[in-house]
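If you want the building blocks of each chain, they are given just below.
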Amino acid sequence: MAVIAEKCTNIQVTVLDINKEKIDLWNSDDLSLLPVYEPELKEIVSKVRNKNLFFSCDIEKNIAEADMVFISVNTPTKQKGLGAGYASDLKWVESSARTVAKFAKNHTIVVEKSTLPVRTAELIKKILEESNSLEKSECKNSFSVLSNPEFLAEGSAIDDLRNPDRVLIGGDDEVATSLLSSIYENWISKEKILLTNLWSSELSKLTANAFLAQRISSINSISALCEATGAEIKEVSGAVGLDKRIGSKFLNSGPGFGGSCFQKDILNLVYICRFYGLNEVADYWESVVRINNWQRRRISSIVIQKLFGTISSKKLAILGFSFKANTNDTRESPAIFISKDLFENGAILSFHDPKVSEAQIENILEKEVIKENNQSFEWEYQKDLYDAIDSSDAVLILTEWFEYSRIDWYRCYKLMRKPAWIFDTRNIVNPIEVKSSGINYWGVGNGS
Ligand code: UDX
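Residue positions within a chain follow its written sequence, with the count starting from 1. Only residues with pLDDT of at least 70 get local features here, since the model is predicted, and only at 80 or more are side-chain atom pairs given and counted; chain-wide, interface and lining totals rely on the full set of residues. Computation of side-chain values: all heavy atoms of the structure, hydrogens and water removed.

Q: How should the overall build of the chain be read in this particular structure?
A: Each helix is a run of DSSP H or I of at least 4 residues and each strand a run of E of at least 2, with the numbering of both proceeding from the N terminus. Helix and strand counts for the chain come out as 17 helices and 13 strands. The size measure is the radius of gyration over C-alpha atoms, and the globule rule it meets is 2.2 Å times the number of residues to the 0.38 power. Rg of the C-alpha trace for the chain: 24 Å, near the compact-globule value of 22 Å for 448 residues, within the 12% margin. Counting only C-alpha atoms and orienting by the principal axes, one finds that the chain spans roughly 80 × 50 × 45 Å. Expressed as a percentage of the 448 residues in the chain, the buried residues total 49%. Residues are treated as being in contact if the distance between any of their heavy atoms lies within 4.5 Å. The contacts in the chain between residues at least 6 apart in sequence include a share of 73% that link residues at least 24 apart. Of the roughly 22100 Å² of accessible surface on the chain, a fraction of 51% belongs to carbon and sulfur atoms. Between the centroid of the 53 positive side chains of the chain and the centroid of its 61 negative side chains there is a distance of 2 Å. Summary of the burial criterion: residues with accessible area below 20% of their type's maximum are buried, those above 50% are exposed, and those between are partly exposed, where the area comes from a 1.4 Å probe applied to protein chains only. To be clear on the numbers: accessible area is Shrake-Rupley with a 1.4 Å probe, and residue cover counts the displayed protein chains and nothing else. Charge counting treats Lys and Arg as positive and Asp and Glu as negative, with His and both chain ends excluded. Where a charge sits is defined by one atom per residue type, namely NZ (Lys), CZ (Arg), CG (Asp) or CD (Glu).

Okay, structure coming up:
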């Protein structure tokens, strides 16, 4: 919405949330308090805020005045009940649709932005139409529902929005579709704006994420084979990626994919396939998630095995807690799963991340590790990278933050307990430098 406001100065954009604390932070004079870290976001917000970009909790008034409402709420995997573990929980989407139905006036275009199971637009349409038919007033309100999935990736969100590969709009109401398209046409050429039917648009988003995640599981599966055979994953992915039909992007082997989308969307796809009796298709996509879980566990097992089969009371430095570089988002981060395994094996963990705060880590450990195990674990958070590494037996690089590729390994060697180890799950350090400092090296997919 910040980018839309930046690119379309004639459009007033208001971001609404029921969470007042969040809205206050978005309105804060101190721009370092914005709830989301994303390169360049701060600059755009400071440029357009209170000009044509507003943040508010006044839901009733703003929906009543809006010509177009984007539903952009979260759709996490259901934790209980029918479809638990696979289906998306649509309670926020449903309650947003009910709120829009309640307050909208005249004609309103409702755009689904959240990633949703195929045919969710139908649910939104039904809620809007049926609550409308209950209206007693003479002048009835009307709605058009469009699907406009978002393909931005975190960490490069602003650039992805300014220069998207494509914009997808699904819907059968030509007037509404061309209105939404005209917003994007302010900065994106028409050829890049694809118009499809509603269901194709919804399914395209799930399929795009499934394909991207599948590439990562594919390369991660080969990383294990490289380690077993003496091949180098970077050489293999380099050679494979040069084939134009395959392409070089999304072939970096790592500790498994994280983030709020990939696993959730694939599980959702699996659920839909099973619902339609397509069990082979469901099994195929589910294996992408299975390989991802296996890769995360593989990393912790290797660490334990290299440290003489035990990490009990050994101090391990965890470098990086976000699910990828350039974001403070930790949802489904491999660091959570790997730390959990390491804690359960008795390790003491020392965390460092340039953008994830101590409070964030504490909150996650409390919810996802301590509560589950019903016991506390020993850990610390260090603002300085070298303080985190001090007296550790091993360093694990779990996020590809640029500063981790510039670590002074000679300095680390002096600080660490011997034999010292570095486990580079992102292949960002120079193995020759590490080895010449005296530290033992392991890199994912690094067979030689
Ligand atoms: C993803 C999609 O890319 C985006 O189009 C969609 O809108 C939302 O989901 P995001 O989750 O923000 O975006 O990040 P992405 O860059 O796709 O990375 C996801 C995970 O895959 C990260 O944990 C990342 O480290 C990992 N990854 C990515 C790899 O392990 N190897 C790669 O080559 C690329």
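Q: Mind showing me how you'd approach the site of the ligand here?
A: Any residue with at least one heavy atom within 4 Å of a molecule or strand is counted as near it. The immediate surroundings of the ligand are formed by 19 residues, with Phe151, Glu154, Lys205, Lys324 and Arg426 found nearest. Under the rule applied, a polar contact is a pair of N or O atoms within 3.5 Å (in protein, one hydrogen donor and one hydrogen acceptor; residues adjacent in sequence only if both atoms are side-chain atoms). The contact in question runs from an oxygen atom of the ligand to an N or O atom on the backbone of Glu150, over 3.2 Å. In the environment of the ligand, an oxygen atom lies 3.4 Å from a nitrogen or oxygen atom belonging to the backbone of Leu251. Contact with the protein chains covers 91% of the free accessible surface of the ligand, which is 660 Å². It is helix H9 (residues 198-229) that contributes the most residues to the shell around the ligand, four residues altogether.

Q: How should I be thinking about the packing of H9 against helix H12 (residues 279-306) in this particular structure?
A: For any two helices packed against each other, the geometry comes down to the angle between their axes and how far apart the axes lie. Where H9 contacts H12, the two axes come as close as 9 Å, and the packing angle between them is 45 degrees. As far as their axial angle goes, H12 and H9 are oblique. For the pair H9 and H12, the crossing hand works out as left-handed. Touching Ala210, Phe211, Ala213, Gln214, Ser217, Asn220, Ser221, Ser223, Ala224 and Glu227 of H9 are Tyr284, Trp285, Val288, Ile291, Asn292, Trp294, Gln295, Arg298 and Ile302, all from H12. Amino acids outside the nonpolar list (Ala, Val, Leu, Ile, Met, Phe, Trp, Tyr, Cys, Pro) and the charged list (Asp, Glu, Lys, Arg) are all regarded as polar, and Gly is one of them. Considering only residue class, the contact of H9 with H12 consists of 10 nonpolar, seven polar and two charged. Helix axes are fitted only over the stretch in contact, all axes being lines through C-alpha atoms; the angle between N-to-C directions runs from 0 to 180 degrees. Each angle is binned into one of four classes, with values under 35 degrees roughly parallel, values over 145 roughly antiparallel, values of 65 to 115 roughly perpendicular, and all other values oblique. For a crossing to be left-handed, the near helix must be turned anticlockwise from the far one by less than a right angle; the clockwise case is right-handed.

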